[in-house]
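# Structural overview for review
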Amino acid sequence: MFRTLGGGDLTINRTKETHHHAVTELCEEGGRLYAHALRTGRILRADVEPAPCLMEFALLHPDPDDANWLRPVPPSVALAQRLHPIEREITEHRRQSIALTEVFEPFLALSTQETAPTHSITVLEGLDRINAALDLATAQCRTEVLTVQPSGRRSPENRLLEALERDKPLIERGVRIRTLYQHTARFLPDRLAYVDQFTEGKVEYRTIDELVERLIICDETVAFIPVREDRQVALELRHPGLVRYLVKVFEFMWGRAVPLQAGTPYETDPDGITDIQHSIAKLLVEGHVDEAIARRLGMNVRTCRAHIAKLASALGSGSRAQLGYLIAQSGILDKNH
(Lines give C-alpha, C1' and ligand atoms only; values in the text may rest on other atoms or scores of the structure.)
Protein backbone atom coordinates (compact mmCIF):
# COMPACT_ATOMS: atom_id res chain seq x y z
CA MET A 1 0.00 0.00 0.00
CA PHE A 2 1.03 3.66 -0.21
CA ARG A 3 3.53 4.49 2.47
CA THR A 4 2.73 8.23 2.81
CA LEU A 5 -0.28 10.03 1.36
CA GLY A 6 -0.60 13.14 3.48
CA GLY A 7 1.04 15.62 5.66
CA GLY A 8 1.66 19.37 6.06
CA ASP A 9 3.44 21.86 3.89
CA LEU A 10 4.97 20.59 0.72
CA THR A 11 8.64 21.16 0.02
CA ILE A 12 9.45 20.41 -3.58
CA ASN A 13 12.72 18.56 -4.26
CA ARG A 14 13.65 18.99 -7.90
CA THR A 15 16.50 16.50 -7.88
CA LYS A 16 16.13 14.41 -11.03
CA GLU A 17 16.64 10.92 -9.72
CA THR A 18 15.50 7.78 -11.50
CA HIS A 19 13.87 5.15 -9.34
CA HIS A 20 11.87 2.04 -10.10
CA HIS A 21 9.45 0.29 -7.78
CA ALA A 22 6.10 -1.43 -7.70
CA VAL A 23 2.87 0.53 -7.32
CA THR A 24 2.39 -1.10 -3.90
CA GLU A 25 5.64 0.58 -2.83
CA LEU A 26 4.97 4.23 -3.87
CA CYS A 27 7.99 6.19 -2.70
CA GLU A 28 7.75 8.83 -0.01
CA GLU A 29 8.36 11.63 -2.50
CA GLY A 30 5.66 10.33 -4.84
CA GLY A 31 3.23 10.02 -1.95
CA ARG A 32 3.78 13.61 -0.84
CA LEU A 33 3.39 14.94 -4.39
CA TYR A 34 0.22 12.95 -5.05
CA ALA A 35 -1.30 14.11 -1.74
CA HIS A 36 -0.43 17.71 -2.59
CA ALA A 37 -2.07 17.39 -6.01
CA LEU A 38 -5.23 15.96 -4.45
CA ARG A 39 -5.44 18.81 -1.92
CA THR A 40 -4.81 21.60 -4.45
CA GLY A 41 -6.48 20.01 -7.46
CA ARG A 42 -3.41 20.26 -9.66
CA ILE A 43 0.43 20.33 -9.61
CA LEU A 44 3.10 21.75 -11.88
CA ARG A 45 4.58 19.23 -14.30
CA ALA A 46 8.09 20.39 -13.35
CA ASP A 47 7.40 19.68 -9.67
CA VAL A 48 6.76 15.95 -10.27
CA GLU A 49 10.05 15.30 -12.06
CA PRO A 50 11.60 13.76 -8.87
CA ALA A 51 8.80 11.15 -8.93
CA PRO A 52 8.24 9.91 -12.51
CA CYS A 53 6.36 6.96 -11.01
CA LEU A 54 3.30 9.18 -10.63
CA MET A 55 2.92 9.32 -14.41
CA GLU A 56 3.94 5.68 -14.86
CA PHE A 57 1.21 4.58 -12.44
CA ALA A 58 -1.31 6.94 -14.10
CA LEU A 59 -1.92 8.85 -10.86
CA LEU A 60 -1.67 12.17 -12.74
CA HIS A 61 -2.89 13.25 -16.17
CA PRO A 62 -2.25 16.43 -18.21
CA ASP A 63 -4.43 19.47 -17.50
CA PRO A 64 -6.46 20.06 -20.69
CA ASP A 65 -6.39 23.82 -20.08
CA ASP A 66 -2.66 24.23 -19.48
CA ALA A 67 0.10 21.83 -20.53
CA ASN A 68 2.34 23.02 -17.65
CA TRP A 69 -0.01 21.55 -15.09
CA LEU A 70 -1.09 18.03 -14.14
CA ARG A 71 -4.32 16.98 -12.47
CA PRO A 72 -4.60 14.06 -10.02
CA VAL A 73 -6.63 10.98 -10.86
CA PRO A 74 -9.11 10.29 -8.01
CA PRO A 75 -7.78 7.51 -5.74
CA SER A 76 -10.91 5.38 -6.25
CA VAL A 77 -10.44 5.51 -10.02
CA ALA A 78 -6.70 4.82 -9.78
CA LEU A 79 -7.30 1.90 -7.44
CA ALA A 80 -9.93 0.36 -9.75
CA GLN A 81 -7.57 0.68 -12.71
CA ARG A 82 -4.79 -1.14 -10.83
CA LEU A 83 -7.06 -3.85 -9.40
CA HIS A 84 -8.72 -4.77 -12.67
CA PRO A 85 -5.80 -6.74 -14.22
CA ILE A 86 -5.08 -8.38 -10.85
CA GLU A 87 -8.65 -9.55 -10.46
CA ARG A 88 -8.66 -10.76 -14.05
CA GLU A 89 -5.50 -12.76 -13.36
CA ILE A 90 -7.00 -14.24 -10.16
CA THR A 91 -10.08 -15.29 -12.12
CA GLU A 92 -7.90 -17.01 -14.70
CA HIS A 93 -5.94 -18.87 -12.00
CA ARG A 94 -9.19 -20.04 -10.42
CA ARG A 95 -10.37 -21.33 -13.81
CA GLN A 96 -7.10 -23.25 -14.25
CA SER A 97 -7.37 -24.68 -10.71
CA ILE A 98 -10.86 -25.99 -11.42
CA ALA A 99 -9.72 -27.51 -14.71
CA LEU A 100 -6.71 -29.23 -13.08
CA THR A 101 -8.87 -30.57 -10.28
CA GLU A 102 -11.26 -32.10 -12.80
CA VAL A 103 -8.34 -33.76 -14.64
CA PHE A 104 -6.79 -35.34 -11.52
CA GLU A 105 -9.96 -36.14 -9.58
CA PRO A 106 -10.36 -39.69 -11.07
CA PHE A 107 -6.75 -40.54 -10.18
CA LEU A 108 -7.09 -39.20 -6.63
CA ALA A 109 -10.13 -41.40 -6.08
CA LEU A 110 -8.29 -44.42 -7.50
CA SER A 111 -5.28 -43.79 -5.25
CA THR A 112 -7.47 -43.52 -2.15
CA GLN A 113 -9.29 -46.76 -2.90
CA GLU A 114 -6.42 -49.01 -3.91
CA THR A 115 -3.28 -47.74 -2.21
CA ALA A 116 -3.51 -46.89 1.45
CA PRO A 117 -0.89 -44.34 2.48
CA THR A 118 2.09 -45.77 4.35
CA HIS A 119 5.11 -44.23 6.02
CA SER A 120 7.96 -46.59 5.15
CA ILE A 121 10.59 -44.55 7.05
CA THR A 122 9.77 -42.48 10.13
CA VAL A 123 12.32 -40.40 12.06
CA LEU A 124 11.81 -40.67 15.83
CA GLU A 125 13.41 -37.91 17.92
CA GLY A 126 13.74 -38.21 21.70
CA LEU A 127 13.69 -41.25 23.96
CA ASP A 128 10.02 -40.77 24.85
CA ARG A 129 8.91 -40.95 21.23
CA ILE A 130 11.29 -43.84 20.47
CA ASN A 131 10.06 -45.86 23.45
CA ALA A 132 6.43 -45.10 22.60
CA ALA A 133 6.93 -46.45 19.07
CA LEU A 134 8.71 -49.53 20.42
CA ASP A 135 5.95 -50.15 22.93
CA LEU A 136 3.31 -49.94 20.21
CA ALA A 137 5.23 -52.28 17.87
CA THR A 138 5.84 -54.90 20.57
CA ALA A 139 2.24 -54.68 21.76
CA GLN A 140 1.10 -55.49 18.21
CA CYS A 141 3.70 -58.24 17.74
CA ARG A 142 2.25 -61.77 17.51
CA THR A 143 4.99 -64.06 16.17
CA GLU A 144 8.65 -63.16 16.76
CA VAL A 145 10.96 -60.39 17.93
CA LEU A 146 14.60 -60.26 16.80
CA THR A 147 16.96 -58.02 18.76
CA VAL A 148 20.62 -57.10 18.57
CA GLN A 149 21.91 -55.59 21.79
CA PRO A 150 25.54 -54.41 21.69
CA SER A 151 27.14 -52.96 24.77
CA GLY A 152 26.36 -49.26 25.11
CA ARG A 153 27.16 -46.20 27.18
CA ARG A 154 23.89 -46.09 29.06
CA SER A 155 23.74 -47.80 32.42
CA PRO A 156 22.97 -51.54 32.17
CA GLU A 157 20.27 -51.17 34.84
CA ASN A 158 18.22 -48.75 32.73
CA ARG A 159 18.55 -50.82 29.57
CA LEU A 160 17.65 -54.08 31.28
CA LEU A 161 14.68 -52.52 33.07
CA GLU A 162 13.30 -51.31 29.73
CA ALA A 163 13.91 -54.72 28.18
CA LEU A 164 12.24 -56.49 31.09
CA GLU A 165 9.12 -54.32 30.85
CA ARG A 166 8.95 -54.91 27.10
CA ASP A 167 9.89 -58.60 26.92
CA LYS A 168 7.80 -60.03 29.71
CA PRO A 169 4.36 -59.38 28.11
CA LEU A 170 5.68 -60.79 24.81
CA ILE A 171 6.80 -64.01 26.44
CA GLU A 172 3.51 -64.35 28.28
CA ARG A 173 1.74 -64.11 24.90
CA GLY A 174 3.93 -66.86 23.48
CA VAL A 175 5.91 -64.60 21.15
CA ARG A 176 9.33 -66.01 20.24
CA ILE A 177 12.31 -63.80 21.11
CA ARG A 178 15.84 -64.20 19.77
CA THR A 179 18.51 -61.85 21.13
CA LEU A 180 22.13 -61.36 20.15
CA TYR A 181 24.65 -60.04 22.69
CA GLN A 182 28.41 -59.66 22.52
CA HIS A 183 30.62 -62.27 24.16
CA THR A 184 31.40 -59.80 26.95
CA ALA A 185 27.78 -60.09 28.14
CA ARG A 186 28.69 -63.55 29.52
CA PHE A 187 30.68 -61.84 32.26
CA LEU A 188 28.05 -59.28 33.27
CA PRO A 189 26.16 -60.53 36.35
CA ASP A 190 23.16 -58.25 35.76
CA ARG A 191 22.81 -59.47 32.17
CA LEU A 192 23.01 -63.10 33.24
CA ALA A 193 20.45 -62.49 36.00
CA TYR A 194 18.13 -60.95 33.41
CA VAL A 195 18.48 -63.96 31.10
CA ASP A 196 17.81 -66.38 33.98
CA GLN A 197 14.34 -64.87 34.38
CA PHE A 198 13.35 -66.25 30.97
CA THR A 199 14.69 -69.78 31.00
CA GLU A 200 11.28 -71.03 29.91
CA GLY A 201 9.32 -70.16 26.79
CA LYS A 202 10.37 -69.36 23.26
CA VAL A 203 13.42 -67.31 24.21
CA GLU A 204 16.95 -67.81 22.85
CA TYR A 205 20.13 -65.89 23.60
CA ARG A 206 23.38 -66.08 21.69
CA THR A 207 26.62 -64.14 21.79
CA ILE A 208 29.07 -63.10 19.10
CA ASP A 209 32.37 -61.25 19.24
CA GLU A 210 31.37 -58.09 17.35
CA LEU A 211 28.08 -56.26 16.86
CA VAL A 212 27.72 -53.01 14.96
CA GLU A 213 24.57 -51.39 16.33
CA ARG A 214 21.27 -51.99 18.06
CA LEU A 215 18.46 -53.53 16.03
CA ILE A 216 14.87 -54.54 16.87
CA ILE A 217 12.56 -56.30 14.39
CA CYS A 218 8.94 -57.23 15.11
CA ASP A 219 7.11 -59.88 13.05
CA GLU A 220 9.39 -59.10 10.08
CA THR A 221 7.22 -56.06 9.38
CA VAL A 222 8.78 -53.19 11.35
CA ALA A 223 12.38 -52.54 12.38
CA PHE A 224 14.06 -49.94 14.59
CA ILE A 225 17.65 -48.76 14.22
CA PRO A 226 19.48 -45.88 15.95
CA VAL A 227 20.73 -42.88 14.01
CA ARG A 228 23.07 -41.26 16.54
CA GLU A 229 25.45 -42.71 19.09
CA ASP A 230 23.52 -41.12 21.96
CA ARG A 231 20.42 -43.00 20.73
CA GLN A 232 18.28 -39.88 20.91
CA VAL A 233 17.22 -40.33 17.27
CA ALA A 234 16.04 -43.57 15.65
CA LEU A 235 14.43 -44.75 12.43
CA GLU A 236 11.24 -46.77 12.31
CA LEU A 237 11.38 -48.81 9.09
CA ARG A 238 8.29 -50.38 7.54
CA HIS A 239 9.48 -50.77 3.96
CA PRO A 240 9.22 -54.53 3.25
CA GLY A 241 12.48 -54.62 1.30
CA LEU A 242 14.46 -52.87 4.04
CA VAL A 243 13.00 -55.04 6.78
CA ARG A 244 13.69 -58.25 4.84
CA TYR A 245 17.29 -57.14 4.34
CA LEU A 246 17.74 -56.50 8.07
CA VAL A 247 16.23 -59.89 8.88
CA LYS A 248 18.83 -61.52 6.61
CA VAL A 249 21.59 -59.56 8.37
CA PHE A 250 20.30 -60.80 11.72
CA GLU A 251 20.12 -64.42 10.52
CA PHE A 252 23.68 -64.15 9.18
CA MET A 253 24.97 -63.07 12.59
CA TRP A 254 22.72 -65.53 14.43
CA GLY A 255 24.17 -68.48 12.49
CA ARG A 256 27.69 -67.50 13.58
CA ALA A 257 26.83 -66.76 17.20
CA VAL A 258 27.32 -69.09 20.18
CA PRO A 259 24.33 -70.13 22.35
CA LEU A 260 24.63 -68.55 25.77
CA GLN A 261 24.24 -71.95 27.45
CA ALA A 262 26.98 -73.53 25.33
CA GLY A 263 29.84 -72.39 27.55
CA THR A 264 32.52 -69.79 27.09
CA PRO A 265 33.66 -68.67 23.63
CA TYR A 266 37.01 -67.72 25.11
CA GLU A 267 38.47 -71.21 25.10
CA THR A 268 42.15 -71.36 24.15
CA ASP A 269 43.09 -72.99 20.86
CA PRO A 270 46.18 -75.16 20.51
CA ASP A 271 48.04 -72.09 19.28
CA GLY A 272 47.41 -70.46 22.68
CA ILE A 273 45.05 -67.81 21.35
CA THR A 274 41.41 -67.45 22.39
CA ASP A 275 38.50 -66.68 20.09
CA ILE A 276 38.24 -63.12 21.35
CA GLN A 277 41.95 -62.63 20.73
CA HIS A 278 41.44 -63.83 17.17
CA SER A 279 38.81 -61.12 16.79
CA ILE A 280 41.18 -58.52 18.25
CA ALA A 281 43.96 -59.70 15.93
CA LYS A 282 41.71 -59.24 12.91
CA LEU A 283 40.84 -55.67 13.95
CA LEU A 284 44.48 -54.87 14.70
CA VAL A 285 45.53 -55.91 11.22
CA GLU A 286 42.75 -53.74 9.80
CA GLY A 287 44.39 -50.78 11.54
CA HIS A 288 41.92 -50.07 14.36
CA VAL A 289 43.18 -48.41 17.56
CA ASP A 290 42.59 -49.88 21.02
CA GLU A 291 39.59 -47.66 21.78
CA ALA A 292 37.83 -48.58 18.53
CA ILE A 293 38.49 -52.30 19.05
CA ALA A 294 37.14 -52.16 22.61
CA ARG A 295 34.00 -50.32 21.46
CA ARG A 296 33.32 -52.77 18.64
CA LEU A 297 33.81 -55.82 20.86
CA GLY A 298 31.82 -54.43 23.78
CA MET A 299 34.61 -54.32 26.36
CA ASN A 300 36.49 -51.60 28.17
CA VAL A 301 39.85 -50.41 26.88
CA ARG A 302 41.78 -51.91 29.82
CA THR A 303 40.41 -55.39 29.10
CA CYS A 304 41.11 -54.95 25.40
CA ARG A 305 44.75 -54.01 26.08
CA ALA A 306 45.12 -57.00 28.40
CA HIS A 307 44.03 -59.29 25.56
CA ILE A 308 46.44 -57.53 23.19
CA ALA A 309 49.26 -58.12 25.67
CA LYS A 310 48.39 -61.83 25.89
CA LEU A 311 48.22 -62.01 22.11
CA ALA A 312 51.65 -60.39 21.84
CA SER A 313 53.05 -62.83 24.40
CA ALA A 314 51.60 -65.85 22.59
CA LEU A 315 53.14 -64.71 19.28
CA GLY A 316 56.44 -63.58 20.83
CA SER A 317 56.01 -59.95 19.82
CA GLY A 318 58.12 -57.25 21.39
CA SER A 319 56.35 -54.21 19.90
CA ARG A 320 53.03 -53.10 18.47
CA ALA A 321 54.46 -52.82 14.96
CA GLN A 322 55.96 -56.31 15.19
CA LEU A 323 52.67 -57.68 16.51
CA GLY A 324 50.84 -56.73 13.32
CA TYR A 325 53.53 -58.39 11.23
CA LEU A 326 53.48 -61.57 13.32
CA ILE A 327 49.68 -61.78 13.15
CA ALA A 328 49.84 -61.60 9.36
CA GLN A 329 52.65 -64.17 9.18
CA SER A 330 51.20 -66.61 11.72
CA GLY A 331 48.19 -67.55 9.61
CA ILE A 332 45.82 -67.38 12.60
CA LEU A 333 43.43 -65.18 10.64
CA ASP A 334 43.06 -67.89 8.00
CA LYS A 335 41.38 -70.21 10.51
CA ASN A 336 37.66 -70.38 11.11
CA HIS A 337 36.75 -68.92 14.49
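Quick look at the structure, then.

About the cut-offs
In this numbering scheme, every chain counts its residues from 1 along its sequence in written order. Restriction of local features to residues with pLDDT of at least 70 applies here, the model being predicted, together with a cutoff of 80 or more for giving and counting side-chain atom pairs; totals for whole chains, interfaces and linings are based on all residues. The side-chain values count all of the structure's non-hydrogen atoms but skip hydrogen atoms and water molecules. Secondary structure follows DSSP: runs of H or I at least 4 residues long count as helices, runs of E at least 2 residues long count as strands, and numbering of each begins at the N terminus. Residue exposure (1.4 Å probe, protein chains only): buried if accessible area is under 20% of the type maximum, exposed if over 50%, otherwise partly exposed. Here the Shrake-Rupley method, with its probe set to 1.4 Å, supplies the accessible areas, and only the displayed protein chains count as covering residues. Patch construction takes residues with relative accessible area above 30% that form no salt bridge. Like charges are linked within 9 Å, and nonpolar side chains (Val, Leu, Ile, Met, Phe, Trp, Tyr) are linked within 5 Å. For salt bridges, the criterion is a side-chain nitrogen of Lys or Arg within 4 Å of an Asp or Glu carboxyl oxygen. A pair of strands is treated as paired once DSSP finds two or more bridges between them. By the convention used here, residues are in contact when the closest approach between their heavy atoms is within 4.5 Å. Lines fitted to C-alpha atoms define the axes, with helix axes restricted to the stretch in contact, and inter-axis angles between N-to-C directions lie between 0 and 180 degrees. Angle categories are assigned with fixed cut-offs, so that under 35 degrees is roughly parallel, over 145 is roughly antiparallel, 65 to 115 is roughly perpendicular, and the rest are oblique. When residue character is reported, Ala, Val, Leu, Ile, Met, Phe, Trp, Tyr, Cys and Pro are called nonpolar, Asp, Glu, Lys and Arg charged, and the others, Gly included, polar. The definition of a polar contact used here is a pair of N or O atoms within 3.5 Å, where within protein one atom must be able to donate a hydrogen and the other to accept one, and adjacent residues in sequence count solely through side-chain atom pairs.

A word on the overall build of the protein chain. Scanning the protein chain from terminus to terminus reveals 11 helices and 11 strands. Burial status across the protein chain gives 36% buried among its 337 residues. When the accessible area of the protein chain is evaluated, it comes to approximately 20,400 Å², of which 55% is carbon and sulfur surface.

Together, L100, V103, F104, F107 and L108 line one region of the surface with nonpolar side chains, adding up to about 540 Å² of accessible area. Turning to its location among the elements, F107 is positioned in helix 3 (residues 75-114).

With mixed pairing, 8 strands are arranged side by side in an open sheet as 4-10-9-8-5-6-7-11. With partners counted over all chains shown, the strands left at the sheet margins are strand 4 (121-125) and strand 11 (258-259), one partner each. Relative to strand 10 (residues 233-237), strand 9 (residues 222-226) is paired through 4 bridges, and the arrangement is antiparallel. Across the sheet, the residue bridging to A223 is L237, located in strand 10. The strands that helix 4 (residues 127-140) touches are strand 4, strand 8 (215-218), strand 9 and strand 10; relative to strand 4, the one it contacts most, it runs at about 130°.

With that out of the way, let us pick up the sheet that holds strand 3 (residues 66-72). Taking strand neighbours across the sheet as the criterion, the 3 strands line up as 1-3-2 in an open arrangement whose pairing is antiparallel. If you trace the sheet from one side to the other, it starts and ends with strand 1 (43-44) and strand 2 (60-63), each paired once.

As a further point, take the environment of A314. One can find A314 in helix 10 (residues 301-315). Between the C-alpha atoms of A314 and I273, which are 41 residues apart in sequence, the distance is 6.9 Å.

In this section: the pattern of salt bridges. One pass over the full model with this rule turns up 12 salt bridges. The closest approach of N and O atoms between R176 and E204, which form a salt bridge, is 2.7 Å. Here the residue R176 occupies a position in strand 6 (residues 176-182), and E204 occupies one in strand 7 (residues 203-208), the gap between them amounting to 28 residues. Judged by its relative accessible area of 29%, E204 is partly exposed. Among the charged side chains, a network of salt bridges with common partners joins E144, R176, R178, E204 and E251.

A separate point is the packing of helix 8 (residues 275-285) against helix 11 (residues 320-330). Orientation of helix 8 relative to helix 11, taken along the N-to-C sense of each, is 110°, at an axis distance of 10 Å. One way to sum up the angle between helix 8 and helix 11 is to call them roughly perpendicular. Residues A281, L284 and V285 of helix 8 lie in contact with helix 11, whose contacting residues are R320, L323, G324 and I327. Of the residues assigned to the contact of helix 8 with helix 11, the class counts are 5 nonpolar, 1 polar and 1 charged.

Mapping R214 onto the fold places it in the loop between strand 7 and strand 8. Overall, the relative accessible area of 19% leaves R214 in the buried class. At 3.2 Å, the side chain of R214 forms a polar contact with the side chain of Q149. The contacts of R214, once residues within four sequence positions are left out, are V148, Q149, P150, R166, F224, I225, P226 and R231.

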